[in-house]
Amino acid sequence: MGAFTDWVAEFEAGADRRQAIGDPNWAGDAPLGCALVRSIQRFQVGESGDGANLINKAEGSDDQDYAAAVRLFVAEERNHARMLALLLGSAGVSTISGHWTDAVFVRLRRALGLRLELMVLLIAEVVALRYYRALRDGTADPLVTDVADRILADEQRHVPFHCLRLRAEFATLARPIRVVVTGAWRVLLLGAAITVGYDHGPALRVLGVRRREFVIDVVGLFEVALTDIRSAELAPVLVARQS
């Protein structure tokens, strides 16, 4: 059995759980203010990509279990986009067609091969971990809390999934190259965290999170992911930090 056989089963089990639980109750109105509306619209754009580029690269990796797991991962991301769109609809607002921050992430991800795509994707995932925790914990509206909690639970699995593949990708690099690449990766992560913290600052303020706190927490989550890529023990730590 390949390293990603268990991940295929995990993603399939997640799909079964979602079907059994059903959707959140969209009947109620979600009282979103302007700052939260703009913020959720931008995250919805980021979740709404078709994932075709990542799937193509995964299928070219000659690991069919990994390719199958990536397709299931992309399906979860699309479900996030769907739920966020419905959440916005419950607030009486529509989605947006694009945002410059998402365009930058997409271009970076598609620039080179699978390793770079996953490195950029992992940045987006750790940012999402902190954002959806803030959204879950910072509002008293049950629909917003439910949607954010469901997405956060998925993101907590996505990070170790990507780390497992990145561990293999980094193992092929000589140590001096790994040091340089990791240093550049940290710089890119910090820039992304600061950009998101600034761009979503008004919404974070509504949710009770300062920009500085958000950036520090994202950096901390990223360092946990790096530790996993170098060793093996991410999932319990992430769950503990997000609970």
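Our subject is the structure listed above.
Predicted, not measured: the structure shown is a model, and the values here were computed from it.

Caption draft 1: Representation of the overall build of the chain in the model. When helices and strands are counted, the chain shows 11 helices and zero strands. When its helices and strands are written in sequence order, the chain yields α-α-α-α-α-α-α-α-α-α-α. Burial analysis of the chain (243 residues in total) assigns 48% to the buried set. When contacts within the chain are restricted to residue pairs at least 6 apart in sequence, long-range pairs at least 24 apart make up 80% of them. Accessible surface for the chain amounts to roughly 11300 Å². Of this, 57% is attributable to carbon and sulfur atoms.

Caption draft 2: Structural detail: the packing of aromatic side chains. Under the counting rule described, the total for this entry stands at 12 aromatic pairs. Consider the rings of Phe170 and Trp185, whose centres lie 5.5 Å apart with planes at 20 degrees: the pair is stacked. In this pair, Phe170 is assigned in helix 7 (residues 142-171) and Trp185 in helix 8 (residues 175-199), connecting sequence segments 15 residues apart. The two residues Phe170 and Trp185 agree in class, both being buried.

Caption draft 3: Focus on helix 4 (residues 64-90). Taking 1.5 Å per residue, 27 residues should reach 39 Å; helix 4 reaches 39 Å between its end C-alpha atoms and fits that length. Just beyond helix 4, the residue with positive phi is Gly92, at close to 80 degrees.

Caption draft 4: Layout of the environment of Leu86. Among the structural elements, Leu86 can be located in helix 4. In this structure Leu86 comes out as partly exposed when scored by relative accessible area, which is 35%. Taking the C-alpha atoms as reference points, Leu86 and Val147, 61 residues apart in sequence, are found 9.7 Å from one another. In this view, Leu86 contacts Asp23 and Trp26; residues no more than four positions away in its chain are not counted.

Caption draft 5: A look at the nonpolar core. Among the nonpolar cores identified, the biggest contains 68 residues, and Leu87, Leu122, Tyr132, Leu135, Phe161 and Trp185 are the most heavily contacted of them. Top contributing element to this core by residue count: helix 6 (residues 114-137), with 14 residues. Apart from residues no more than four positions distant in its own chain, Trp185 is found in contact with Met119, Leu122, Ile123, Leu166, Phe170, Phe222, Leu226 and Ile229.

Caption draft 6: View of the packing of helix 1 (residues 5-21) against helix 4. One can describe the packing of helix 1 onto helix 4 by two numbers: an axis separation of 8 Å at closest approach and a directional angle of 30 degrees. Relative to helix 4, helix 1 is oriented roughly parallel. Seen from above, helix 1 lies across helix 4 with left-handed handedness. Taking contact as the criterion, the partners of Thr5, Trp7, Val8, Phe11, Glu12 and Arg18 in helix 1 are, on helix 4, Asp65, Ala68, Ala69, Leu72, Phe73, Glu76 and Asn79. Looking at the contact of helix 1 with helix 4, its residues break down into seven nonpolar, two polar and four charged.

Caption draft 7: Region of the structure containing the environment of Gly208. Within the fold, Gly208 resides in the loop between helix 9 (201-206) and helix 10 (211-230). Remark: the alpha-carbon pair of Gly208 and Ala134, spanning 74 residues in sequence, is separated by 7.8 Å.

Caption draft 8: The arrangement of the side chain of Lys57 in detail. Position of Lys57 relative to the elements: it lies in helix 3 (residues 52-59). A polar atom in the side chain of Lys57 sits 2.8 Å from the side chain of Glu117.

What counts, and at which threshold
Residues numbered from 1 in each chain as written. Predicted model: local features only at pLDDT ≥ 70, side-chain atom pairs only at ≥ 80, totals over all residues. Heavy atoms only, no water. Helix = DSSP H or I, 4+ residues; strand = E, 2+ residues; numbered from the N terminus. Buried < 20%, exposed > 50% of the residue type's maximum accessible area, 1.4 Å probe, protein only. Contact = heavy atoms within 4.5 Å. Areas by Shrake-Rupley, 256 points an atom, 1.4 Å probe, with all protein chains shown as cover. Phe/Tyr/Trp six-rings, centres within 6.5 Å; stacked < 30°, edge-to-face > 60°. Expected span 1.5 Å × (residues − 1). Core = buried A, V, L, I, M, F, W, Y, C linked by side-chain atoms within 4.5 Å. Axes fitted to C-alpha atoms, helices over the stretch in contact; angles between N-to-C directions. Parallel < 35°, antiparallel > 145°, perpendicular 65-115°, else oblique. Left-handed = near helix turned anticlockwise from the far one by under 90°. Nonpolar A, V, L, I, M, F, W, Y, C, P; charged D, E, K, R; others polar. Polar contact = N/O pair within 3.5 Å; in protein donor to acceptor, adjacent residues only side chain to side chain.

Limitation: the analysis is restricted to geometry and does not speak to function.
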